[in-house]
Amino acid sequence: MRYYLIVGEASGDLHASHLMKALKNADKEAEFRFFGGDLMAAEGGTLVRHYKDTAYMGFLTVMAHLPAIFKNMKNCKEDIRQWHPDAVILVDYPGFNLSIAKYVHQHHLAKVYYYISPKIWAWKEHRIKNIKRDVDELFSILPFEVPFYEKKHGYPIHYVGNPTADEVSEFKKNYNETFLQFCQRNNLSPKPIVALLAGSRKTEIKDNLPRMMKAIEQFPDYQFVLACAPSVEDAYYQGFVGGSALKMVHNDTYALLSHATAALVTSGTATLETALFDVPQVVCYAAPAPWFWGFLRRLLLKVKYVSLVNLIADKEIVPELVVDTFSVERMLSELGDLLPGGKSRDTQLSGYAEMRQRIGETDAPAHAARLMLKCLGK
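Residues numbered from 1 in each chain as written. Predicted model: local features only at pLDDT ≥ 70, side-chain atom pairs only at ≥ 80, totals over all residues. Heavy atoms only, no water.

Peer 1: Is there a simple way to explain the sheet that holds strand β7 (residues 158-159) in this structure?
Peer 2: Strands sit in the order β3-β2-β1-β4-β5-β6-β7 across an open sheet of 7 strands; the sheet is parallel. The two strands at the open ends of the sheet, each matched to only one other strand, are β3 (46-50) and β7. Relative to strand β4 (residues 87-91), strand β1 (residues 2-6) runs parallel, the two being bridged by 4 bridges. When the sheet's bridge partners are listed, Tyr4 is paired in β4 with Val88. (Pairing = 2+ DSSP bridges. Helix = DSSP H or I, 4+ residues; strand = E, 2+ residues; numbered from the N terminus.)

Peer 1: Looking at this structure, I do not really get the pattern of salt bridges. What am I missing?
Peer 2: Oppositely charged side chains can form a pair if their charged atoms are brought close together. Taken as a whole, this structure holds 17 salt bridges when the rule is applied. One salt bridge connects Arg201 with Glu9, and the closest N-O pair in it is separated by 2.7 Å. In this pair, Arg201 is assigned in the loop between β8 (193-197) and α10 (202-212) and Glu9 in the loop between β1 and α1 (10-26), connecting sequence segments 192 residues apart. Judged by relative accessible area, which is 26%, Arg201 ranks as partly exposed. In this structure Glu9 comes out as partly exposed when scored by relative accessible area, which is 22%. Arg33 serves as the salt-bridge partner of Asp79, at 2.7 Å between the closest nitrogen and oxygen. Taken as a pair, Asp79 in helix α4 (residues 66-83) and Arg33 in strand β2 (residues 31-36) lie far apart in primary sequence, 46 residues in all. The burial state of Asp79 is the same as that of Arg33; both residues are buried. One salt-bridge network, in which partners are shared between bridges, spans Glu9, Arg201 and Glu204. (Salt bridge = Lys/Arg side-chain N within 4 Å of Asp/Glu carboxyl O. Buried < 20%, exposed > 50% of the residue type's maximum accessible area, 1.4 Å probe, protein only.)

Peer 1: Please explain the environment of Lys52 as it appears in this structure.
Peer 2: When you line up the elements, Lys52 lands in the loop between β3 and α3 (59-64). Sequence separation between Lys52 and Gly36 is 16 residues, and the spatial gap between their C-alpha atoms is 8.6 Å. Not counting residues within four places of it along the chain, the set of residues in contact with Lys52 comprises Pro230 and Ser231. (Contact = heavy atoms within 4.5 Å.)

Peer 1: How should I be thinking about unusual backbone geometry in this particular structure?
Peer 2: Backbone geometry follows two general trends: most residues other than glycine have a negative phi, and most peptide bonds adopt the trans configuration. In this structure, Asp92 is a non-glycine residue whose phi angle is positive, near 50°. Tracing the chain through its elements places Asp92 in the loop between β4 and α5 (94-106).

Peer 1: How should I be thinking about α10 in this particular structure?
Peer 2: Along an α-helix, residues three or four positions apart point the same way, because every turn accommodates 3.6 residues. Taken together, the buried positions of α10 are Glu204, Ile205, Asp207, Asn208, Leu209 and Met212. Buried residues along α10 sit in contact with β8, β9 (223-228), α11 (234-241), β11 (260-265), β12 (281-285) and α16 (328-338).

Peer 1: It is not clear to me how the layout of surface pockets should be interpreted in this structure. Could you clarify?
Peer 2: Sizing a probe to match a water molecule and rolling it over the atoms shows the empty space that remains. Counted as a void, the second largest pocket has a volume near 580 Å³. As for the second largest pocket, its lining consists of 24 residues, and the residues nearest its centre are Ala165, Asp166, Glu167, Ser169 and Glu170. Elements represented by at least two residues in the lining of the second largest pocket include exactly α1, α8 (163-174), α17 (345-359) and α18 (364-375). Considering each element in turn, the lining of the second largest pocket owes the most residues, 9 residues, to α8. Here the lining of the second largest pocket is built from residues that sort into 9 nonpolar, 6 polar and 9 charged. (1 Å grid on protein atoms, 1.4 Å probe; cavity = no way out; pocket = protein on both sides within 12 Å on 5 of 7 lines; lining within 4 Å. Points joined across faces, edges and corners; volume = space filled by probe spheres on them. Nonpolar A, V, L, I, M, F, W, Y, C, P; charged D, E, K, R; others polar.)

Peer 1: When you look at the sheet that holds strand β13 (residues 320-322) in this model, what are you seeing that I'm missing?
Peer 2: Consider a sheet: its strands pair through backbone hydrogen bonds, and that pairing is either parallel or antiparallel. Reading across the sheet, the 6 strands line up as β10-β9-β8-β11-β12-β13 and stay open at both edges, with parallel pairing between neighbours. In this open sheet, the two strands that pair with only one neighbour each are β10 (247-250) and β13. On average, each strand axis in the sheet is tilted by 25° relative to the strand beside it, whichever way the strands run. (Axes fitted to C-alpha atoms, helices over the stretch in contact; angles between N-to-C directions.)

Peer 1: Quick question: what am I supposed to make of the packing of α8 against helix α13 (residues 269-276) here?
Peer 2: Each pair of packed helices can be summarised by the angle the axes make with each other and by the distance between the axes. Remark: α8 packs on α13, axes separated minimally by 10 Å, with the N-to-C direction vectors making an angle of 40°. When the axes of α8 and α13 are compared, the pair comes out oblique. Once α8 is placed against α13, the crossing between them reads as right-handed. The segment α8 lies against α13, with Thr164, Ala165, Val168 and Lys172 engaging Thr269, Leu272, Glu273 and Leu276. The residue inventory of the contact of α8 with α13, partitioned by class, reads 4 nonpolar, 2 polar and 2 charged. (Parallel < 35°, antiparallel > 145°, perpendicular 65-115°, else oblique. Left-handed = near helix turned anticlockwise from the far one by under 90°.)

Peer 1: How should the nonpolar core be read in this particular structure?
Peer 2: Grouped burial of nonpolar side chains is what soluble globular proteins tend to show. With 99 residues, the main nonpolar core has Tyr3, Leu5, Ile6 and Tyr115 as its most contacted residues. Among the nonpolar cores identified, the runner-up in size contains 32 residues, and Val232, Val241, Met331 and Leu335 belong to it. (Core = buried A, V, L, I, M, F, W, Y, C linked by side-chain atoms within 4.5 Å.)

Peer 1: Before we go on, may I ask you to explain the packing of aromatic side chains in this structure?
Peer 2: Given two aromatic rings, one states the distance between the centres and the angle between the planes to describe the pair. Applying the stated rule across the entire model yields 13 aromatic pairs. Their ring planes at 40° and their centres at 6.1 Å tell us that Phe35 and Phe96 sit as a pair that is tilted. Note that Phe35 is positioned in strand β2 and Phe96 in helix α5, a separation of 61 residues in sequence. Phe96 matches Phe35 in its accessibility class, with the two residues each being buried. With a centroid separation of 5.1 Å and 85° between ring planes, the pair formed by Phe148 and Tyr149 is classed as edge-to-face. Classification of Phe148 as buried rests on a relative accessible area of 11%. With a relative accessible area of 0%, Tyr149 lands in the buried category. Feature note: the residues Phe171, Tyr175, Tyr254 and Phe277 constitute an aromatic cluster, connected by ring pairs. Positioned above the aromatic ring of Phe277 is the side chain of Lys172, whose terminal nitrogen or guanidinium carbon lies 5.5 Å from the ring centre. (Phe/Tyr/Trp six-rings, centres within 6.5 Å; stacked < 30°, edge-to-face > 60°. Lys NZ or Arg CZ within 6 Å of the ring centre and 35° of its normal.)

The structure is reproduced here in structure tokens:
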């Protein structure tokens, strides 16, 4: 079978690479072509375009790059038509991927499968019409999406388990570095660690990292260590870190979380990863003009929470300091409560256990691969 995959960022590259590996195990004749990244390329097949050349986030950035975005869409559609895949597998990235899904469906070019569905339950719920029309099968990695799609919108989906949970579990099984070994390898002191996960995009880093760094002087018994995003060059971080005491690690986030005592985390998949490593966290998402973004959030956002931890648990396990509810003072207070001896630490760790039960233990990529082949009649 021929599989054409499309991702738009680093997390999609990671999840798609594991799905490709599972598809190869289930289908010995699997061929791949993709808009993706280095991890997908390592699994084999043809990398048509790297996600670093196609991903534009933020309204102004998108508007400035509209010609490039439309050109990439056109090239992708033409490439799919010429290659004749059996299935087009879309991974998140809805602005781009839903346009591709519409084209493939209209021209009957291949089955359209969505792996890691668009977060329409948060906003842009109207996209359900496009999904119902253009997507043949949707493979969900979040358990609360099942009632959203099936009960609210009458659209049956497949819950396959959560690949992030699988990835963290696999890392834990194979990682045996001690705390001191980790510190020596990364030129860190032996002080306990507070990890900073400030986002994977430059705009997130710009808005959140300087505020997170305010905690360094307030907690002198801890060292603060930043997990650098693979898609962001080191020189960009240096503009914020300067001569501060903040340390950085590169391409080593899971090892960092393995040894962290607590964390400050920008909302996203990182909140779930941090929870799966049992690291107490404060979710921080700052933005310019917070009153404006807070108004838009209340107007447009359709869910009570922004972090995956709270969304999966359907209750507040981790504190969310988001735009108009964010302040450095509150961040410092919440962090203090989560450090050893703090009043909130044990409660949050107990909440993590509840969240894990809801996720389950399914091997998501393998489960998804088997279902895809079944849907293809193989």
